[in-house]
Amino acid sequence: MSTQLLYQGKAKDIYGTDDPDQIISVYKDQATMLNGARKEEIAGKGRLNNLISSLIFERLNKAGVATHFIKRLSETEQLNKMVSIIPLEVVLRNRTAGSFSKRFGLKEGLVLETPIIEFYYKNDDLDDPFINDEHVTFLGLATSDEVAYLKSETRRINELLKEWFAEIGLTLVDFKLEFGKDKDGQILLADEFSPDNCRLWDAKGNHLDKDVFRRNLGSLTEVYARVLERLQAVAEKEE
Ligand code: UDP
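For clarity, every value in this text was computed on a predicted model and none was experimentally measured.

Caption draft 1: Quick peek at the overall build of the protein. The secondary structure content of the protein amounts to six helices and 14 strands. For 239 residues, the compact-globule formula gives about 18 Å, and the C-alpha radius of gyration of the protein, at 17 Å, lands near that figure. With respect to the principal axes defined by its C-alpha atoms, the protein has extents near 50 × 40 × 40 Å. By residue count, 50% of the 239 residues in the protein fall in the buried class. Here the contacts in the protein between residues at least 6 apart in sequence split such that 56% fall between residues at least 24 apart. Here the protein displays about 11900 Å² of accessible surface, and carbon together with sulfur accounts for 50% of that area. Averaging the positions of the 33 positive and the 41 negative side-chain charges in the protein gives two centres separated by 4 Å.

Caption draft 2: Focus on the nonpolar core. Leu 161, Phe 165, Phe 179 and Phe 193 are the most contacted members of the largest nonpolar core, which totals 50 residues. In contact with Phe 193, other than residues within four places in its own chain, are Ile 52, Ser 53, Ile 56, Phe 57, Leu 161, Phe 165, Leu 172, Phe 175, Leu 177 and Cys 198.

Caption draft 3: Quick look at the site of the ligand. Around the ligand, the structure places 15 residues, and the nearest of them are Arg 93, Ser 99, Asp 174, Arg 199 and Arg 214. Between the ligand and Arg 93 there is a distance of 2.7 Å, counted from an oxygen atom to a side-chain nitrogen or oxygen. Within the side chain of Ser 99, an N or O atom sits 2.6 Å from an oxygen atom of the ligand. Burial of the ligand by the surrounding chains reaches 76%, relative to a free accessible area of 510 Å². Of all the elements in the fold, those that place two or more residues in the shell around the ligand are β9 (88-95), α2 (98-104), β12 (170-181) and β14 (198-202). The class makeup of the residues in the shell around the ligand is five nonpolar, three polar and seven charged.

Caption draft 4: Just the side chain of Lys 176, in detail. On the secondary structure map, Lys 176 appears in strand β12. A distance of 2.7 Å separates a polar atom in the side chain of Lys 176 from a polar atom in the side chain of Glu 178. Within the local environment of Lys 176, its side chain forms a polar contact with the side chain of Asp 191, the two groups lying 3.3 Å apart. Ignoring sequence-local partners within four residues, the contact set of Lys 176 consists of Glu 89, Val 90, Val 91, Asp 191 and Asn 197.

Caption draft 5: Local environment of a nonpolar patch on the surface. On the surface, a nonpolar cluster with roughly 300 Å² of combined accessible area is contributed by Leu 6, Tyr 7 and Met 82. In this structure, Leu 6 sits in strand β1 (residues 5-8).

Cut-offs applied
- Residues numbered from 1 in each chain as written.
- Predicted model: local features only at pLDDT ≥ 70, side-chain atom pairs only at ≥ 80, totals over all residues.
- Heavy atoms only, no water.
- Helix = DSSP H or I, 4+ residues; strand = E, 2+ residues; numbered from the N terminus.
- Rg over C-alpha atoms; globule rule 2.2 N^0.38 Å.
- Buried < 20%, exposed > 50% of the residue type's maximum accessible area, 1.4 Å probe, protein only.
- Contact = heavy atoms within 4.5 Å.
- Areas by Shrake-Rupley, 256 points an atom, 1.4 Å probe, with all protein chains shown as cover.
- Lys, Arg positive; Asp, Glu negative; His and termini not counted.
- Charge placed at Lys NZ, Arg CZ, Asp CG, Glu CD.
- Core = buried A, V, L, I, M, F, W, Y, C linked by side-chain atoms within 4.5 Å.
- Near = heavy atom within 4 Å.
- Polar contact = N/O pair within 3.5 Å; in protein donor to acceptor, adjacent residues only side chain to side chain.
- Nonpolar A, V, L, I, M, F, W, Y, C, P; charged D, E, K, R; others polar.
- Patch = residues over 30% accessible without salt bridge, like charges linked within 9 Å, V, L, I, M, F, W, Y side chains within 5 Å.
- Salt bridge = Lys/Arg side-chain N within 4 Å of Asp/Glu carboxyl O.

Structure (structure tokens):
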């Protein structure tokens, strides 16, 4: 199998395969924040995120969500469909937290009766600015029909994920998704779903996500391992 490095990301590297429609994502032991301004090596993080994201994507595939995920190859690698990423971060919020709380001067944890979706333009030089639907079409990032699809799909994914996390005693506060287009132009959920790009709180209000790193709350791998254990317990029960 050829192993040509196609793309080097902050948390993952992407390699080509002999099949032009498939890529291998290799999860790395690196944590970054502030667009890479703070960077740390965290042993074991890549494995945990790969295992967590693989379990979630397997369940999403089973639930009929169109995703790029084919299968997990090893502790740190996944086989995925090749997509061209739409340069949008699609954020959905079930509760106030993070930049939303800051922007509107609201305490964290307030329930948003109707979950709110936000778009950020994925552009490192511009620091991923907050943009609205009209900016998205103006910039040619997606058509208005595609924007409508991204939003409805994100809401559907939220309903599934909220329920799954509730089953393991966790509140899904917010998360970020990325989508891409395959060779036929079909939009697929891509990237990853892990505690790196969502917020998960337990019943006691502990953060089991990247805020542990952002806010220096303790050991990141310890809390990610707890999320993995709980997801694995449910996955085993269902098999
Ligand atoms: N998020 C992400 N990548 C980013 C920015 C945010 O995965 O570049 C996720 C983040 O983990 C959280 C959600 O999107 O689950 C909303 O993040 P927020 O806008 O509150 O920003 P933050 O407080 O993380 O700066």
